[in-house]
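The residues making up each chain are set out below.
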Amino acid sequence: MNPMNSLSKTDVHIFEIRGNFFLLDVEGNKLFSLSPDAYKCAVDRINGNETDPQTFSAWRAGRKLDKIWKNIISLTPEHVEDVRQRLETPIPPLTGLWLGLAHTCNLGCTYCFANEPNYLLNKNPLMSWEMAKRAVDFLIEREPERMQFGLIFFGGEPLLQFDLIKRIVDYCCQLQEQGKKFTYAITTNGTLLTPEIYNYMVSYNFSIMLSLDGTKTIHDHNRPYLDGRPSWDNIMDNLKQLNDVARNIMARVTVQDVQVPLIEIYKTMRAAGFQDVALVEICPNSGEIPVFPEKDIPVWKEQYLNLAEYIAETEARAYDGALSSLSGYVQALRERERSFYCCSTGIRSFYVTPDGDLYPCMRLISDDRKNIMGSIFTSLDAQKVNHFVQNNIMNKSCRKCWARYLCGGMCYGDSFAVSGDIRKPISEYCKITRHKIEVAAYILKRLKESGKIRQHSDGNIFNKMAKGLRILRN
């Protein structure tokens, strides 16, 4: 309970979208829909400008708001310390690895972080079988009592190493005799995807993510082959040979600016056969690739809202599929999930280079080896792991943000690329994330009113590993 006027904007977020009014109890992680009168009363109250109501409807709205307001809990120093203790002791178990099978690629994407010299420091651009086997053994040796693990095959282009993938999976199947079970995921550019490769991955329940860019024109400009040839038509031809693409492959689209409306990009992906789409703002890299332009954010906000409304109106799976960022926040709001970290990087999952070095994430590879966490031939650096464990929202400026439990903090790779500090947020991406959450609240209300809400599935391995700490010790 709290005195009526003791709350701050750290504790309560009040906002409006398309004439719909909302209040988010941040610490309680509860979302409320407000009447116009209650919204005005809430805004005045949080800004310290509340006056006596002039109409009966305003008086009644104020009384209803009181019932919400008096149960909102402030974030206190004691609570911050309690959460820190629960998050940071003991260190969570290791649950999976990203295997950098190929630090090389057949495409020359204009913005890819894998084109940076830092990413290509390895003596061997292709991981050997011996290195891959050792990585799996390291995972099991590190957590001998654990039965379930996840492997993500990454690059560059991991399908350049399809024979190695099969050998790794065969080895993991042998380990089932010890009770060990593995889930698999892969991110591919789709240029090497054949029915044989696809059917193999589907048979082992791979979570498959395919990187494409918006429309054919955008894609061919951003993602050509190394010799400059366009790649869109080849990928589309490959997809036409595959069965049930909608069920088995998620499209990942990098958004660089607002030249092409998001709704057009989304419709292009749906026309290509994808049911689930991830629209991801461009990842900055070491200053060469800038952050999403500040000047474009107002236009992007309107485009994103238009897209979300389109999905809510037209997609049967608007709640648990369609657009990943939208459905993820809608589910988190409805189910009152809390995130204390942006992802499990450096805590529950690590990236293995072709040489066997361990990094928290492929985007944290640097020429000074500042972020190296150890090796699959030795061990993990406990002090560095603890640094990531401590990188929760309670130890950053994020704890003062109303979106803290829904965001979990800035992407470490983005922060490191821009400032060299994994704890420093990027204002442009904070604005984008907060808008996505507000739009999700609005869409949640619309889906409830239309009866489209249904129980979500557990999701794929990307979601499980990336958000492995979402409700850790909640």
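For every chain, the first residue of the written sequence is number 1, and numbering continues from 1 onward in sequence order. With the structure being a predicted model, the display of local features is reserved for residues of pLDDT at least 70 and the display and counting of side-chain atom pairs for 80 or more, all residues being used for whole-chain, interface and lining totals. Only heavy atoms go into the side-chain values, all of them from the structure, while hydrogens and water stay out.

Enquirer: How would you summarise the overall build of the protein chain if you had to cite specific residues and measurements?
Expert: Only DSSP runs of H or I with at least four residues qualify as helices, and only runs of E with at least two residues qualify as strands; both kinds are numbered from the N terminus onward. When helices and strands are tallied, the protein chain shows 17 helices and twelve strands. In this treatment the radius of gyration is a C-alpha quantity, and the globule benchmark scales as 2.2 Å times the residue count to the 0.38 power. Expected size for 474 residues packed as a compact globule is a radius of gyration near 23 Å; at 23 Å, the protein chain falls within 12% of this value. With the principal axes as the frame, the protein chain shows a C-alpha extent of 75 × 45 × 45 Å. A 1.4 Å probe rolled over the protein chains alone gives each residue an accessible area, and that area as a share of the maximum for its type sets the label: buried under 20%, exposed over 50%, partly exposed in between. Counting every position in the protein chain, which comprises 474 residues, the buried fraction comes to 56%. For the purpose of counting charges, residues Lys and Arg are taken to be positive, whereas Asp and Glu are taken to be negative. His and the chain ends are not included. To locate a charge, take atom NZ for lysine, CZ for arginine, CG for aspartate or CD for glutamate. Averaging the coordinates of the 58 positive side-chain charges in the protein chain and doing the same for the 55 negative ones gives two points 5 Å apart.

Enquirer: I'd love a proper account of the environment of C342, names of residues and values included.
Expert: With respect to the helices and strands, C342 occurs in the loop between α12 (324-335) and β10 (349-352). For the pair C342 and L75, spaced 267 residues apart in sequence, the C-alpha to C-alpha distance is 20 Å.

Enquirer: Requested: an account of the pairing of strand β1 (residues 12-17), with residues and values cited.
Expert: The two faces of the sheet receive side chains in turn, since in a regular strand these alternate between them. In terms of residue burial, β1 counts as a mostly covered element, since five of its six residues are buried. The hairpin turn running from β1 into strand β2 (residues 20-25), its antiparallel successor, is two residues long, and R18 in that turn takes a positive phi close to 50 degrees. In short, DSSP must find at least two bridges between two strands for them to pair.

Enquirer: So what's going on with helix α15 (residues 412-419)? Residues and values would help.
Expert: For α15, the tally of buried residues reaches six of eight residues, placing the bulk of the element in the interior. If you check which residues of α15 are buried, you get Y412, G413, D414, S415, F416 and A417. Any two residues whose heavy atoms approach within 4.5 Å are treated as being in contact. In this structure, the buried residues of α15 make contact with α13 (382-389) and α16 (427-450). Within two residues after α15, G420 carries a phi angle of roughly 80 degrees, on the positive side.

Enquirer: Describe in detail the side chain of N392, supporting the description with residues and values.
Expert: For N392, the position within the fold is in the loop between α13 and α14 (404-407). Side chain to side chain, N392 and E88 meet in a polar contact 3.0 Å long. Not counting residues within four places of it along the chain, the set of residues in contact with N392 comprises R84, L87, E88, F340 and Y341. Polar contact is defined as a pair of N or O atoms within 3.5 Å, subject to the rule that within protein one atom must be able to donate a hydrogen and the other to accept it, and that residues adjacent in sequence are counted only when both atoms are side-chain atoms.

Enquirer: Requested: an account of the sheet that holds β1, with residues and values cited.
Expert: In space, the three strands of this open sheet follow the order β1-β2-β3, with antiparallel pairing throughout. In the strand order of this sheet, the two ends are held by β1 and β3 (30-34), each with one partner. Strand-to-strand twist in this sheet, taken as the mean axis angle between neighbours without regard to direction, amounts to 25 degrees. By the bridge criterion, five bridges tie β2 to β3 in an arrangement that is antiparallel. Among the inter-strand pairings, F21 is bridged to a residue of β3, identified as L34. Contacting β1, β2 and β3, helix α2 (residues 56-69) runs over the sheet at an angle of about 30 degrees to β2. Whenever a helix is involved, its axis is fitted only over the stretch in contact; in every case the axis is a line through C-alpha atoms, and angles between N-to-C directions fall within 0 to 180 degrees.

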